[in-house]
Amino acid sequence: MLISPEVRTVLDHTAAPGDLFERVVPVALPMKARFRGLTVRETCLVKGPAGWAEFAPFTEYDVPEASRWLLAAVESAALPLPRPLRDRVLVNATIPAVPAHRVPAIAAHYPGVSAVKVKIAERGIASLDEDLARVAAVRRALPDAAVRCDANGAYTHDEAKTALTALARTGPLQYVEQPVPDVHGLARLREWVSIARLPVPIAADESIRKVSDPLSVAALGAADVIVVKAQPLGGIRAAASIIEAAGLPAVVSSALESSVGLAAGAALAAHLPLSSAGQGLLGPEPAAGLGTAALFAADVAAPGLRPQDGSLPLGRVEPDEDLLAAHAAGPERARFWTERLEACWTHVARGEDSGRAG
Ligand SMILES: [Mg+2]
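As recorded by an unreviewed UniProt entry, the protein chain carries the name o-succinylbenzoate synthase and is attributed to Brevibacterium jeotgali. The record in UniProt for the protein chain states the following under Cofactor (unreviewed entry): "a divalent metal cation". What UniProt states about the protein chain under its Sequence similarities (unreviewed entry) heading is, verbatim, "Belongs to the mandelate racemase/muconate lactonizing enzyme family. MenC type 1 subfamily."

Spelled out as structure tokens, the structure:
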């Protein structure tokens, strides 16, 4: 676990979460369509001396994994956002694994985007025909947007060969994200793609954020692009150091946070120099996967951090007290989140599996 020196200093001077967070507000936010198997996204907002932050590990994650997300919340609650190099960040549209006929209505939330990410493989190779129909519908609905697909590691090696070949026939692909589950599988598949001369770059997502060594993707030549999320990598500063060390083009994405957490992601995206960011593959300015507030039926801020003309503004987002109250988690779930925050704090404070970002 990489802990940036700035966050380490905060932890070294704070005895307990109550000393840093003056508010801890677990919320449950309804989604417009099922996404990542969720129809309701539970998350936890916290307020510290620097402002509001978000502790958003998915509910099934264990304490060691969720602890990295706590580091991100500590950073945003205690420290200023790093200096932006731009005043807006481009974002991609995100199309969940919906039937093709629902694509135009969802795409309509993202006018002017330069890229679109399409979720595929929800039922593995069994949903390939539906995936191809969805991708075709996306190309019709957003003809000027570069198309990315995200399989969330659902394929075997042979299934990925079949799926990537079929997807490539639908038109140009900017990349396919995590077609197979692990980093060695990605490296093997990327080698096959090269030999087969298939014009399909490979992106790594889970192989960056769910492994002990996020740099193994670069070391093994397992991907052309890395998808980087601030929260699961321990915050903006830790994520930026991983991107720099990996030396690969990076796409900053959300972890399905509320608008408060999305603002931290936007700060990371705007902090990356463009000269190294795209390196050709992603165009002059990579579109970040931070437009996901559009997938929510409710948010903690009004207006939420939703894309306008294909980009997001920068800066912290203040939650609205009425919305926090309206979407507060019930007592049992609130207890789950406060206990979880305490457990993760203990884990981090003891320095378990920790290291320092260089
Ligand atoms: Mg992904």
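Caption draft 1: Inspection of the sheet that holds strand E3 (residues 38-48) at higher detail. Strand order in the open sheet formed by three strands is E2-E3-E4, and the pairing between neighbours is antiparallel. Each end of this open sheet is capped by a strand with a single partner; those strands are strand E2 (23-35) and strand E4 (51-55). Averaged over neighbouring strand pairs, the angle between their axes works out to 35 degrees when direction is ignored. Summarising the sheet, E2 and E3 pair through nine bridges and their orientation is antiparallel. Of the residues in E3, the one forming a bridge with Val25 is Leu45. The sheet contacts of helix H3 (residues 63-78) involve E3 and E4, and relative to E4 the element is tilted by about 175 degrees.

Caption draft 2: Seen up close, the coordination of the magnesium ion. Only Asp150 (OD), Glu177 (OE) and Asp205 (OD) from the protein coordinate the magnesium ion, and they sit 2.0 to 2.3 Å from it. Here the donor residues of the magnesium ion are spaced in sequence according to D-x26-E-x27-D. One end of the pair, Glu177, is in strand E9 (residues 175-177); the other, Asp205, is in the loop between strand E10 (202-204) and helix H8 (206-209), and 28 residues separate them in sequence. Overall, Asp205 belongs to the buried group, its relative accessible area being 1%.

Caption draft 3: The arrangement of the pattern of salt bridges in detail. Summed over all chains, the structure comprises 13 salt bridges. The closest approach of N and O atoms between Arg23 and Glu321, which form a salt bridge, is 3.0 Å. Here the residue Arg23 occupies a position in strand E2, and Glu321 occupies one in helix H13 (residues 321-326), the gap between them amounting to 298 residues. By sharing partners, the salt bridges in this structure join Lys117, Lys119, Asp150 and Glu177 into a single network.

Caption draft 4: Region of interest: the packing of aromatic side chains. Using the criterion set out here, one finds six aromatic pairs in the structure. Taking the centre distance of 5.7 Å and the plane angle of 90 degrees together, the rings of Phe336 and Trp337 count as edge-to-face. Here a set of aromatic residues connected by ring pairs shows up, and it is made of Phe55, Phe336 and Trp337. Across from the ring centre of Phe336, 4.3 Å away, lies the NZ or CZ of Arg333, which sits over that ring.

Caption draft 5: Structural context of empty space enclosed by the protein. The final tally for this structure, using the stated rule, is two cavities of 30 Å³ or more. Roughly 140 Å³ of internal volume is contained in the largest cavity. Looking at the largest cavity, it is lined by 18 residues, and the ones nearest its centre are Trp52, Ala53, Ser76, Val260 and Ala264. A per-element tally of the lining of the largest cavity places helix H11 (residues 259-271) first, with four residues. The class makeup of the residues in the lining of the largest cavity is ten nonpolar, four polar and four charged. Surrounding the second largest cavity, 14 residues form its lining, Arg86, Ala250, Ala269, Leu272 and Pro286 being those nearest its centre. At the level of secondary structure, the elements contributing two or more residues to the lining of the second largest cavity comprise strand E5 (88-90), strand E12 (250-252) and helix H12 (274-277). Sort the elements by how many residues they give to the lining of the second largest cavity and E12 lands first, with three residues.

Caption draft 6: Quick peek at the sheet that holds E12. An order of E6-E7-E8-E9-E10-E11-E12 is seen for the seven strands of this open sheet, with the pairing classed as parallel. In the strand order of this sheet, the two ends are held by strand E6 (93-95) and E12, each with one partner. The average undirected angle you get between the axes of adjacent strands in this sheet is 25 degrees. In the sheet, E6 pairs with strand E7 (residues 115-119) via three bridges, with the strands oriented parallel. Across the sheet, Ala93 pairs through a bridge with Val116, a residue of E7. Packing against the sheet, helix H5 (residues 128-141) makes contact with E6, E7 and strand E8 (146-150), and its axis sits at approximately 160 degrees to E7.

Conventions and cut-offs
Within each chain, residues carry numbers counting from 1 in the order of the written sequence. Only residues with pLDDT of 70 or above have their local features reported here, since the model is predicted, and side-chain atom pairs are shown and tallied only from 80 upward, although totals for entire chains, interfaces and linings are computed over all residues. Heavy atoms throughout the structure, all of them, feed into the side-chain values; hydrogens and water do not. UniProt positions are given in the numbering used here, feature names are shortened, and annotations may be inferred rather than shown by experiment. If DSSP finds at least two bridges between two strands, the strands pair. Put simply, DSSP H or I for four residues or longer makes a helix, DSSP E for two residues or longer makes a strand, and each gets a number counted from the N terminus. Helix axes use the C-alpha atoms of the stretch in contact, all axes being lines fitted to C-alpha atoms, and the angles between their N-to-C directions lie in the range 0 to 180 degrees. In what follows, residue pairs with any heavy atoms lying within 4.5 Å of each other are defined as contacts. Counted as donors are N, O and S atoms no farther than 2.8 Å from the metal, or 3.2 Å for Na, K and Ca; water is not among the atoms, and sites may therefore look incomplete. Working definition: with a 1.4 Å probe on protein chains only, accessible area under 20% of the residue-type maximum means buried, over 50% means exposed, and in between means partly exposed. Every case where a carboxyl oxygen of Asp or Glu lies within 4 Å of a side-chain nitrogen of Lys or Arg is listed as a salt bridge. Any two of the Phe, Tyr and Trp rings considered here, Trp counted by its six-membered ring, make a pair once their centres fall within 6.5 Å; the pair's planes then place it as stacked at under 30 degrees, edge-to-face at over 60, or tilted in between. The criterion is that NZ of a Lys, or CZ of an Arg, lies within 6 Å of the ring centre and within 35 degrees of the ring normal, and then a charge sits over that ring. Cavities and pockets are defined on a 1 Å grid built over the protein atoms alone: a cavity is a set of grid points where a 1.4 Å probe fits but cannot escape, while a pocket is an open set with protein on both sides within 12 Å along at least five of seven lines, and lining residues are those with an atom within 4 Å of any such point. Grid points are joined across faces, edges and corners, and a volume is the space filled by probe spheres set on the points. Note on residue categories: nonpolar means Ala, Val, Leu, Ile, Met, Phe, Trp, Tyr, Cys or Pro, charged means Asp, Glu, Lys or Arg, and polar means any other residue, Gly included.

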